[in-house]
Amino acid sequence: SLAPTAITCFTRGLDLRKGTEDVLCPANCPLWQFYVFGDGVYASLSSICGAAIHRGVITSAGGAVRVQTLPGQENYPAVNANGIQSQVLTRWASSFSVTGIKNTALESVGRSVSTARPSTGKRPKKPLDKKAGNKDCKADIAFLIDGSYNIGQRRFNLQKNFVGKVAVMLGVGTEGPHVGVVQASEHPKIEFYLKNFTAAKEVLFAIKELGFRGGNSNTGKALKHTAQKFFSLENGARKGIPKIIVVFLDGWPSDDLEEAGIVAREFGVNVFIVSVAKPTTEELGMVQDIGFVDKAVCRNNGFFSYQMPTWFGTTKYVKPLVQKLCSHEQMFCSKTCYNSVNIAFLIDGSSSVGDNNFRLILEFISNVAKAFEISDIGSKIAAVQFTYDQRTEFSFTDYNTKEEVLSAIRNIRYMSGGTATGDAITFTTRNVFGPVKDGANKNFLFVLTDGQSYDDVRGPAAAAQKAGITVFSVGVAWAPLDDLKDMASEPRESHTFFTREFTGLEQLVPDIIRGICKDFLDSKQ
């Protein structure tokens, strides 16, 4: 049989890849450094050797342990046993149990018990994939640390220690969380990006090396800078993984956080504020906005704000913060109006439009589409042209990049014919939105027309809205205002647009993008 795999004092249950695995714990692990959650059944976040000592399976002299992977639990109790105080944890995705390995099995291992190496003649086991990290907690996280004179050099060092502990407990790794650090002071400084380090040891070292900058705590400026510049693909941000900024604030910010909070939400970033030592009554007079925390966080629901009374004795605050950062279902700000919408354009191709004006319509559609993050997991664009007939130019599933969509819009050929807008709405609801009706994205339909429809528009538009589609009507030249309003979603005034000339479409673009974002946010409240 194969020898147990040698592991370190800090290898966790979630670092193992098999349902049942025999491992070998080293001797003399420092008991006070163990993170253990539960009793008998341990959260996979726990140290295996710590759990084994806690359970009485081995002593601090080390030894072989059999680890059995188990399903997640709702509650892990705190119990003091064998010199280790386990901690409470509410809900974790997976667990494990530990048992001893019978002597016969140990004897067959030969020298490997003491040397932590397989005995001669045995095929060596693959080393543990520690590089992967905590796969249960995929997130891209920027720690925005306070480097101002408010905090001072001594507390700055305590803050670094705390951030280091959080990074280690998160389980940084290639397939787990990635972290970077930005220092807020007079001017923000990105200390390291997500792509720079993907191992907890490297991250810890990089945090230790950070120098204190001093100056005002321009946290708003730093938050805005981080939201805009930190999470680019070239700097290591990953597609479809929650983006998080954890802002550490000692006292109060010297500038305004509200605008920075809005920018972060627009960029799909979940902002957490960890405030330490709240401003005293005398200091409150210097705070620009007493409600700065509520205005900066992703949602003002208590989940995104976290308070610590002081930088001393912060170890007990590490785990609850890590739990929050790993609760992906709570990351409401990951989805934005830019990356979570389906927009279909229903284009009037009737004879009254003409070739040149038809080009202006296509230009208008391109300018709207450019604002959105189009990808296989992001926003989608579709286009249908209509006269008396309908033609799907491309559907939501045809193109997965902005470049492909813009090229497809440029290549739409003008049909020319009559105007049956009602039929076209029915066709689009059924054939374009039908296949995506159960998807996560919010659905929008833009009806672009320059004249009177030969058929009823009210019934088909009402059916589209009933199917969960928000309808905007955009009229040009001779399009009757009554028809436009009959098609538009409520409130009709804000979903109806009109311009006398086709050249006027360009001016409508910013208002239309704003309209989509407003509806998207309203639907999420």
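Residues numbered from 1 in each chain as written. Predicted model: local features only at pLDDT ≥ 70, side-chain atom pairs only at ≥ 80, totals over all residues. Heavy atoms only, no water.

Structural notes on the state of the cysteines
- Under the defined criterion, the tally for this structure stands at 5 disulfides.
- The disulfide bridge from Cys25 ends at Cys49, spanning 2.2 Å between sulfur atoms. Taking the torsion about the S-S bond as the criterion, the Cys25 to Cys49 disulfide, at about -100°, is left-handed. Of this pair, Cys25 sits in strand E2 (residues 20-25) while Cys49 sits in helix H1 (residues 48-55); the two residues are 24 residues apart in sequence, bridging distant segments of the chain. Take Cys25 and Cys49: they sit in the same class, and that class is buried. (Disulfide = S-S within 2.5 Å. Helix = DSSP H or I, 4+ residues; strand = E, 2+ residues; numbered from the N terminus. Buried < 20%, exposed > 50% of the residue type's maximum accessible area, 1.4 Å probe, protein only.)

Some words on the UniProt feature "domain: VWFA" (unreviewed entry) in the protein chain
- Sequence positions flagged by UniProt for "domain: VWFA" (unreviewed entry) are, in local numbering, residues 140-325 and 342-512.
- Annotation note: span residues 342-512, helix share 36%, strand share 23%, distance between end C-alpha atoms 14 Å. (UniProt positions renumbered as here; feature names shortened; annotations may be inferred.)

So, the sheet that holds strand E10 (residues 178-184)
- One open sheet holds the 6 strands; their spatial order is E11-E10-E9-E12-E13-E14, and the pairing between them is mixed. The open sheet has two edge strands, strand E11 (189-192) and strand E14 (305-308), and neither has a second partner. Strand-to-strand twist across the sheet, computed as the mean angle between neighbouring axes with direction ignored, equals 20°.
- Where strand E13 (residues 269-276) and E14 come together, 4 bridges link them in parallel fashion. For Ser275, the partnering residue across the bridge sits in E14 and is Gln307.
- In this fold helix H4 (residues 152-170) packs onto strand E9 (140-146), E10, strand E12 (243-250) and E14, with an angle of close to 170° to the strand it touches most, E9. (Pairing = 2+ DSSP bridges. Axes fitted to C-alpha atoms, helices over the stretch in contact; angles between N-to-C directions. Contact = heavy atoms within 4.5 Å.)

Concerning the environment of Ala167
- Looking at the secondary structure, you find Ala167 in helix H4.
- A residue is classified by how much of its surface remains accessible, and Ala167, at 3% relative accessible area, is buried.
- A C-alpha to C-alpha distance of 9.5 Å links Ala167 and Lys201, two positions 34 residues apart in sequence.
- Every residue in contact with Ala167, bar those within four places of it in the chain, is listed here: Val172 and Val203.

Description of the side chain of Ser94
- Inspection of the secondary structure puts Ser94 in strand E8 (residues 89-100).
- Using a relative accessible area of 17% as the deciding quantity, one classes Ser94 as buried.
- Residues within four places of Ser94 in sequence aside, it is in contact with Tyr42, Ala43, Ser44, Leu70, Pro71, Gly72, Tyr76 and Asp136.

So, unusual backbone geometry
- The omega torsion across Glu490 and Pro491 is -15°, close enough to zero to call that bond cis.
- Following the sequence through the fold, Pro491 ends up in the loop between helix H15 (481-487) and strand E20 (496-499).
- Even without a glycine there, the phi angle at Asn82 is positive, about 50°.
- Turning to its location among the elements, Asn82 is positioned in the loop between strand E6 (80-81) and strand E7 (84-85).
- Residue class for Asn82 comes out partly exposed when judged on its relative accessible area of 47%.
- Unusually for a residue other than glycine, Ala477 sits at a positive phi of about 55°.
- Relative to the helices and strands, Ala477 resides in the loop between strand E19 (469-476) and H15.
- For Ala477, a relative accessible area of 17% translates into the label buried.

Considering the packing of H4 against helix H10 (residues 315-325)
- Packing of H4 against H10 leaves a shortest axis separation of 9 Å and a crossing angle of 50°. As summarised for this structure, H4 and H10 are arranged oblique, according to the angle between their axes. For the crossing formed where H4 meets H10, the hand is right-handed. Across the interface between the two elements, Phe162, Lys165, Val166, Met169 and Leu170 of H4 pack against Thr315, Tyr317, Val318, Lys319, Leu321, Val322 and Leu325 of H10.
- Residue composition of the contact of H4 with H10, grouped by class: 9 nonpolar, 1 polar and 2 charged. (Parallel < 35°, antiparallel > 145°, perpendicular 65-115°, else oblique. Left-handed = near helix turned anticlockwise from the far one by under 90°. Nonpolar A, V, L, I, M, F, W, Y, C, P; charged D, E, K, R; others polar.)

Brief notes about the pairing of E12
- Burial runs high along E12: 7 of the 8 residues are buried.
- As paired strands, E9 and E12 are joined by 5 bridges and run parallel to one another. Residue pairing for E12: Asp140 is matched across the bridge by Lys243.
- Bridge count between E12 and E13: 8 bridges; the pairing is parallel. Residue pairing for E13: Leu249 is matched across the bridge by Ser275.
- Handedness of the crossover joining E12 and E13 through helix H7 (residues 258-266): right-handed. (Right-handed = clockwise from strand over helix to strand, strands pointing away.)

Some points on the side chain of Ser86
- Among the secondary structure elements, Ser86 is positioned in the loop between E7 and E8.
- From its side chain, Ser86 meets the backbone oxygen of Pro77 in a polar contact 3.5 Å long.
- From its side chain, Ser86 meets the backbone nitrogen of Val79 in a polar contact 2.8 Å long.
- For Ser86, the residues in contact, after removing those within four places along its chain, are Val36, Gly38, His54, Pro77, Ala78 and Val79. (Polar contact = N/O pair within 3.5 Å; in protein donor to acceptor, adjacent residues only side chain to side chain.)

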